[in-house]
Amino acid sequence: MLYVFHLIDRPGSAALRLQTRPEYKACLAQLQERIAFAGPLLQDDGQTMIGSLLVIDFPGRAAAEAWLAQEPFHRSGLYASVQIHAFSNLWPQRIGFAP
């Protein structure tokens, strides 16, 4: 089942995000075959990262929560808000994906 992770950074945590980002990207690379999409949430300037939005296939909520518990940004205390929701993708994507 797909799970959406809506993750909002703590205010003033940009330096922590940048410091932890290489470890975070390596963690995501281990799941690359199960990621429907992933990327940073941005302020309206299109540059300033304020969180993460991920959609990843897991066998169930327990597995999704276990993965998040060891995810580097989560472990570092970056997130002020964490929401996980089961998701059913019913629309064929046409835009917004990396080339």
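Residues numbered from 1 in each chain as written. Predicted model: local features only at pLDDT ≥ 70, side-chain atom pairs only at ≥ 80, totals over all residues. Heavy atoms only, no water.

Before going further, it helps to spend a moment on the overall build of the protein chain. Helix and strand counts for the protein chain come out as three helices and four strands. Element order for the protein chain, N to C, with α for helix and β for strand: β-α-β-β-α-α-β. Its C-alpha radius of gyration of 13 Å places the protein chain within 12% of the 13 Å reference for a compact globule of 99 residues. Across its three principal directions, the C-alpha atoms of the protein chain cover 35 × 30 × 20 Å. The contacts in the protein chain between residues at least 6 apart in sequence include a share of 71% that link residues at least 24 apart. As displayed, the protein chain has an accessible area near 6300 Å², and 57% of this comes from carbon and sulfur atoms. Of the side chains in the protein chain, 8 bear a positive and 8 a negative charge, and the two mean positions are spaced by 2 Å. (Helix = DSSP H or I, 4+ residues; strand = E, 2+ residues; numbered from the N terminus. Rg over C-alpha atoms; globule rule 2.2 N^0.38 Å. Contact = heavy atoms within 4.5 Å. Areas by Shrake-Rupley, 256 points an atom, 1.4 Å probe, with all protein chains shown as cover. Lys, Arg positive; Asp, Glu negative; His and termini not counted. Charge placed at Lys NZ, Arg CZ, Asp CG, Glu CD.)

This part covers the pattern of salt bridges. Applying the stated criterion to the full structure yields three salt bridges. Of the charged contacts, one joins Asp9 and Arg17 as a salt bridge, the two residues approaching to 2.6 Å between their closest N and O atoms. No difference in accessibility class separates Asp9 from Arg17, as the two residues are buried. Across the pair Arg61 and Glu65 runs a salt bridge whose closest N-O atoms are separated by 3.6 Å. Separated by four residues within a single helix, Arg61 and Glu65 lie in helix H2 (residues 61–70), roughly one turn from each other. Its relative accessible area of 35% is what places Arg61 among the partly exposed residues. Exposure remark for Glu65: the relative accessible area of 41% places this residue in the partly exposed category. (Salt bridge = Lys/Arg side-chain N within 4 Å of Asp/Glu carboxyl O. Buried < 20%, exposed > 50% of the residue type's maximum accessible area, 1.4 Å probe, protein only.)

On to the sheet that holds strand S3 (residues 49–57), then. In a beta sheet, neighbouring strands pair by backbone hydrogen bonds and run either parallel or antiparallel. The antiparallel open sheet is built from four strands, whose spatial order is S2-S3-S1-S4. In this open sheet, the two strands that pair with only one neighbour each are strand S2 (35–42) and strand S4 (79–87). The average undirected angle you get between the axes of adjacent strands in this sheet is 10 degrees. Its contacts with the sheet place helix H1 (residues 14–29) against strand S1 (2–9), S2, S3 and S4, and it is angled at close to 10 degrees to S3. (Pairing = 2+ DSSP bridges. Axes fitted to C-alpha atoms, helices over the stretch in contact; angles between N-to-C directions.)

Before going further, it helps to spend a moment on the nonpolar core. Membership of the largest hydrophobic core comes to 17 residues, with the highest contact counts inside it found for Phe5, Leu54, Ile56, Phe58 and Trp67. When residues of this core are traced back to their parent elements, those giving at least two are S1, H1, S3, H2 and S4. The residues touching Trp67, leaving out its near neighbours within four places in the chain, are Phe5, Cys27, Leu28, Leu31, Leu54, Ile56 and Phe58. (Core = buried A, V, L, I, M, F, W, Y, C linked by side-chain atoms within 4.5 Å.)

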